[in-house]
Amino acid sequence: MVYTEEDDLKYQQALKDKIAHLRKEKNAVILAHNYQRPEVQDVADIRGDSLALAQAAIRTDAKIIVLCGVHFMAEIASILNPAKKVLLPVEVAGCPASDMITVKELRVKKDEHPDASVVCYVNSSAAVKAESDVCCTSANAIEVVKSLSNRKIIFVPDKNLGLYVKSHVKEKEIITWRGVCPTHVRVSLEEVLEAKEKYPDAEFIAHPECEMKVLKKANFIGGTGGMLKYVKSSPAKRFIIGTERGLIHRLKMENPEKEFFSPSRHFICADMKLTTLGWVTHALELEVHEVKVPEGVRLKAKKSLDRMLEITENNFAQKR
Ligand code: 13P
């Protein structure tokens, strides 16, 4: 017997039907990050960037949250909503950048700069968040840093995002860490230039986790949520996407008349792609792979997340 593409589609549809049934039966909500596989994004109730997923986790009244993303995202949902069962379909889906700093290392850095505030990127463990003053995402990093009264800031763990913030907030002394996103740093300047040459009419938009030499070539820099908004509002018809390729699915869905190109075959986050419809079904059916944060750590990490959400909401209210 041969297994055809048609069989594959039938199998996917059967899983989608099962997920729809389980979601209703168990009062679950499915949240998916913009880098998830297209078919996983398609079954989600809410798709979004790290900030949108955190906000959705607070608002939901579902009993179970299935977080299709990586470990730190499920931790955030659980920190903000401890009464809910938060499931991460693939237990080992992690974020290499978030593992590039430990609490011990951060404490050493804090001892070296006792007069500094600590800002941690959401791509960090709950324990590192607990050790920080305030959290930020790529959507609000600049406003979070600007909002602090302290002049000296330790920014962890993503060096490129830290340097990008530094280039926008000249009034602060920003001490960056050595962490990087292995997916975003693999795209080279040569690849970007090649793509620009091939599609001269296209705009290049990039995530601030890319290296500065790449960012310098961008028409727009922002997190995945910012990129989605930018593409919608831009009169351009073609775009070179400087981030993980999963975003292209959503961009195509929301802008069917526009064209999108990836500058690099390396723009795939292996961890984000671990989640499949099969694993979502498995987690939901058996209610396994629950993510919980020890209460002492949770309360401290929640403070740094709450502070970020407050700053973001205040700024949003002021802009309205
Ligand atoms: P966004 O918050 O921009 O979606 O980014 C999340 C992330 O993990 C980037 O690598």
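In what follows, the structure referred to is the one given above.
Read on for an overview of the structure. All values reported here derive from a predicted model rather than from experimental measurement.

## Re the sheet that holds strand β10 (residues 220-221)
Consider a sheet: its strands pair through backbone hydrogen bonds, and that pairing is either parallel or antiparallel.
Then step 1. Taken in spatial order, the four strands of this open sheet run β10-β9-β11-β12, and their pairing is parallel. Edge positions in the sheet fall to β10 and β12 (259-261), since each of these pairs with one other strand and no more.
Then step 2. Along the sheet, helix α11 (residues 224-233) contacts β9 (203-206), β10, β11 (238-242) and β12; its crossing angle with β9, the most-contacted strand, is approximately 160°.
Then step 3. Against the sheet, helix α12 (residues 246-254) touches β11 and β12, its axis set at about 175° to β12.

## Observations concerning the nonpolar core
Then step 1. Counting residues in each nonpolar core, the largest one holds 77 residues, and the members touching the most others are Val119 and Val156.
Then step 2. With seven residues, the top contributor of residues to this core is helix α4 (residues 71-80).
Then step 3. Grouped together as the second largest cluster of nonpolar side chains are 16 residues, Val40, Ala44, Cys68 and Leu277 included.

## What about the pattern of salt bridges?
Then step 1. Evaluated as defined, the whole model comprises 18 salt bridges.
Then step 2. One salt bridge in this structure joins Arg151 and Glu173, with 3.4 Å as the shortest N-O distance. In this pair, Arg151 is assigned in the loop between α7 (141-147) and β7 (152-156) and Glu173 in strand β8 (residues 173-176), connecting sequence segments 22 residues apart.
Then step 3. Arg151 sits in the partly exposed class, given a relative accessible area of 49%.
Then step 4. The partner of Arg298 in a salt bridge is Glu295, with the nearest N and O atoms 2.9 Å apart. Placement of the pair is Arg298 and Glu295 together in helix α14 (residues 295-319), with a separation of three residues, close to one helical turn.
Then step 5. The class of Arg298 is buried, set by a relative accessible area of 8%.
Then step 6. The exposure class assigned to Glu295 is partly exposed, which follows from its relative accessible area of 43%.
Then step 7. One salt-bridge network, in which partners are shared between bridges, spans Lys26, Lys85 and Glu287.

## Re α4
Then step 1. For α4, the tally of buried residues reaches nine of ten residues, placing the bulk of the element in the interior.
Then step 2. Among the residues making up α4, those that are buried are Phe72, Met73, Ala74, Glu75, Ile76, Ala77, Ser78, Ile79 and Leu80.

## Re the environment of Val214
Then step 1. Relative to the elements of secondary structure, Val214 occurs in helix α10 (residues 212-215).
Then step 2. Note: C-alpha distance between Val214 and Pro38 (176 residues apart in sequence) is 26 Å.
Then step 3. With residues near it in sequence (within four places) discarded, Val214 still touches Val187, Ser188, Leu189, Val192 and Phe204.

## Description of helix α9 (residues 189-198)
Then step 1. For α9, every residue scored as buried is listed here: Leu189, Glu191, Val192 and Ala195. Seen along its axis, α9 keeps its buried residues to an arc of 160°; they face one direction. More than 90 degrees from the buried face of α9, the exposed residues found are Glu190, Glu194, Glu197 and Lys198.
Then step 2. On its buried side, α9 packs onto β9, α10 and β11.

## Side note on the sheet that holds β8
Then step 1. Strand order across the open sheet formed by four strands is β6-β5-β7-β8, with parallel pairing between neighbours. Because the sheet does not close on itself, it has two edges, and the strands there are β6 (134-136) and β8. When strand polarity is set aside, the average angle formed by the axes of neighbouring strands in this sheet is 30°.
Then step 2. Across four bridges, the pairing between β7 and β8 is parallel. Residue pairing for β8: Lys152 is matched across the bridge by Glu173.
Then step 3. Of the strands in this sheet, β5 (117-121), β7 and β8 are in contact with helix α5 (residues 103-112), which crosses β7 at around 165°.

Conventions used here
- Residues numbered from 1 in each chain as written.
- Predicted model: local features only at pLDDT ≥ 70, side-chain atom pairs only at ≥ 80, totals over all residues.
- Heavy atoms only, no water.
- Pairing = 2+ DSSP bridges.
- Helix = DSSP H or I, 4+ residues; strand = E, 2+ residues; numbered from the N terminus.
- Contact = heavy atoms within 4.5 Å.
- Axes fitted to C-alpha atoms, helices over the stretch in contact; angles between N-to-C directions.
- Core = buried A, V, L, I, M, F, W, Y, C linked by side-chain atoms within 4.5 Å.
- Buried < 20%, exposed > 50% of the residue type's maximum accessible area, 1.4 Å probe, protein only.
- Salt bridge = Lys/Arg side-chain N within 4 Å of Asp/Glu carboxyl O.
- Arc of directions from axis to C-beta.

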